[in-house]
Amino acid sequence: MTVLYKANMVRGAEWATFFAERAPHLPFRLWPDIGDPADIRYLVAWVPPDDIATTFPNLELVFSVGAGVDQFDATKVPAHIPLVRMLEPGIAETMVEYVTMAVLALHRDLLHFIDQQKQQLWREIRIKPAKRRRVGIMGLGQLGQAVLERLKAFGFPLLGWNRSPRDIEGVTCYAGPDTLPDFLAQSDILVCLLPLTDETRGILNADLFARLPHGASLVNVGRGPHLVEADFLAALDSGALSGAVLDVADPEPLTEGHPFWSHPRILLTPHNASMTTPDTAVDYVLDVIDRHRRGEELPGRVDRSRGY
Ligand code: GLV
């Protein structure tokens, strides 16, 4: 009955401490010190080892250490073993902070001020009231919903778009591809919080940018491959987009000399919007293990056909 962790090692040491405190009966190992592979029942990984099925014959659950699972080759996880995404509150809390920061930065013209400061320009910009800046969130899962709750405080008109219908108080919600144009036409600041799947790859493309209000801005905290780079740069050049905050790129790290590094209308961070917090993640993993033992439904269980 052992848990094996294979991800960031510094945080892994913290996981080990919390496991020892909260589940002393449950042995916890840090990759590559796997011990007897037959003892491993639970694997927590960012990218799992290639040959999971043969290496760990008694594996019962596989956790993605992140909220996303696109970095997993799910075909390598045998179909009878549940794959579970990290729905722990620490990821949501840090994502809420980042998206709030990004939305406020775009709303309050921070990219322009950074540019002006470099040029020693002291020039005011007319402030637009929040109630006239519409914010649209693509992806209304745990993270999207948490972000919307926090954004309510600022008075932005809020919209959400999701694959399946959602009902969120104070948010105009749209569901499915047919409703995307209506949603986009009202999103002055568009936030991508979608999972990366075959359906969403390249969704941030020329067609989408053309449907946004002219001069809209973008926050991408999904995955780099959601964005079609050439279309995006063209939209910035034409003014269709006025600015963007990007936390993800393709590939990561972004290549040397890539135009995103120095573009004055892009604020770039190194896939740092949110982070799994060992303290709360350990509680989440222990809870899912308990539920699994009791034969209950597992929160965060990935639907393999949907891809998230
Ligand atoms: C990070 O991007 C994650 O999936 O948690």
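As the structure is a prediction and not an experimental result, all values here were calculated from the model. (Residues numbered from 1 in each chain as written. Predicted model: local features only at pLDDT ≥ 70, side-chain atom pairs only at ≥ 80, totals over all residues. Heavy atoms only, no water.)

A. Layout of the sheet that holds strand β3 (residues 40-45). What the 5 strands build is an open sheet, ordered β2-β1-β3-β4-β5; its pairing is parallel. The outermost strands of the open sheet, each flanked by one partner alone, are β2 (28-30) and β5 (83-84). Here 2 bridges tie strand β4 (residues 61-64) to β5, and the two strands are oriented parallel to one another. Among the inter-strand pairings, Phe63 is bridged to a residue of β5, identified as Val84. In the packing of helix α1 (residues 9-22) onto the sheet, contacts are made with β1 (2-6), β2 and β3, and the angle to β2 comes to roughly 170 degrees. (Pairing = 2+ DSSP bridges. Helix = DSSP H or I, 4+ residues; strand = E, 2+ residues; numbered from the N terminus. Contact = heavy atoms within 4.5 Å. Axes fitted to C-alpha atoms, helices over the stretch in contact; angles between N-to-C directions.)

B. Region of the structure containing a nonpolar patch on the surface. A cluster of nonpolar side chains, Leu110, Phe113 and Ile114, forms an exposed patch at the surface whose accessible area comes to about 220 Å². Along the chain, Leu110 falls in helix α4 (residues 110-118). (Patch = residues over 30% accessible without salt bridge, like charges linked within 9 Å, V, L, I, M, F, W, Y side chains within 5 Å. Areas by Shrake-Rupley, 256 points an atom, 1.4 Å probe, with all protein chains shown as cover. Salt bridge = Lys/Arg side-chain N within 4 Å of Asp/Glu carboxyl O.)

C. Up close: unusual backbone geometry. Here Asp250 and Pro251 are connected by a cis peptide whose omega angle stands at 5 degrees. Among the structural elements, Pro251 can be located in the loop between β11 (241-246) and α9 (259-262). Pro253 follows Glu252 through a cis peptide bond whose omega is -5 degrees. Within the fold, Pro253 resides in the loop between β11 and α9. Residue Gln120 is not a glycine yet carries a positive backbone phi of 55 degrees. Mapped onto the fold, Gln120 is located in the loop between α4 and β6 (135-138). According to the relative accessible area criterion, Gln120 is exposed, its value standing at 75%. Phi is positive for His271, close to 50 degrees, though the residue is something other than glycine. The partly exposed category is assigned to His271, whose relative accessible area is 31%. (Buried < 20%, exposed > 50% of the residue type's maximum accessible area, 1.4 Å probe, protein only.)

D. Region of interest: the domain arrangement of the protein. Domain boundaries assigned for the protein yield domain 1 (2-88 + 276-294) and domain 2 (90-268). Put simply, the middle of domain 1 and the middle of domain 2, counted by C-alpha atoms, are 32 Å apart. Each partner contributes residues to the interface: domain 1 has 12 residues there, and domain 2 has 7 residues. For the pair domain 1 and domain 2, the summed buried surface comes to about 680 Å²; carbon and sulfur atoms form 48% of the total. Its largest share of buried area at the contact with domain 2, domain 1 owes to Asp70, Leu87 and Glu88, together 58% of the area lost on that side. One can count 1 salt bridge joining domain 1 with domain 2. Connecting domain 1 to domain 2 are 4 residue pairs in polar contact (both at pLDDT 80 or more). Its residues assigned to classes, the side of domain 1 that touches domain 2 comprises 4 nonpolar, 6 polar and 2 charged. (Domains from an automatic or database assignment. Buried area = accessible area lost by both parts, 1.4 Å probe. Polar contact = N/O pair within 3.5 Å; in protein donor to acceptor, adjacent residues only side chain to side chain. Nonpolar A, V, L, I, M, F, W, Y, C, P; charged D, E, K, R; others polar.)

E. Expanded view of the pattern of salt bridges. Within this structure, the stated rule accounts for 15 salt bridges. For Arg223, the salt bridge identified is with Asp70, shortest N-O distance 2.8 Å. Taken together, the positions of Arg223 in the loop between β10 (216-220) and α8 (229-238) and Asp70 in the loop between β4 and β5 put the pair 153 residues apart, joining distant regions of the chain. Judged by relative accessible area, Arg223 falls into the buried class, the value being 14%. Under the relative-accessibility criterion, Asp70 is labelled partly exposed at 31%. Taken together, the salt bridges that share partners define one network made up of Asp287, Arg291, Arg294 and Glu296.

F. Here's a closer look at the packing of helix α3 (residues 89-107) against helix α5 (residues 142-151). Two numbers describe how α3 lies on α5: the axes approach to 9 Å, and their chain directions differ by 50 degrees. Of the possible angle classes, the one that applies to α3 and α5 is oblique. Here α3 runs over α5; the crossing is right-handed. Seen from α3, the contacting residues are Pro89, Ile91, Ala92, Glu93, Met95, Val96, Val99, Thr100 and Val103; seen from α5, they are Gln142, Leu143, Ala146, Val147, Arg150 and Leu151. Classifying every residue of the contact of α3 with α5 by side-chain character gives 11 nonpolar, 2 polar and 2 charged. (Parallel < 35°, antiparallel > 145°, perpendicular 65-115°, else oblique. Left-handed = near helix turned anticlockwise from the far one by under 90°.)

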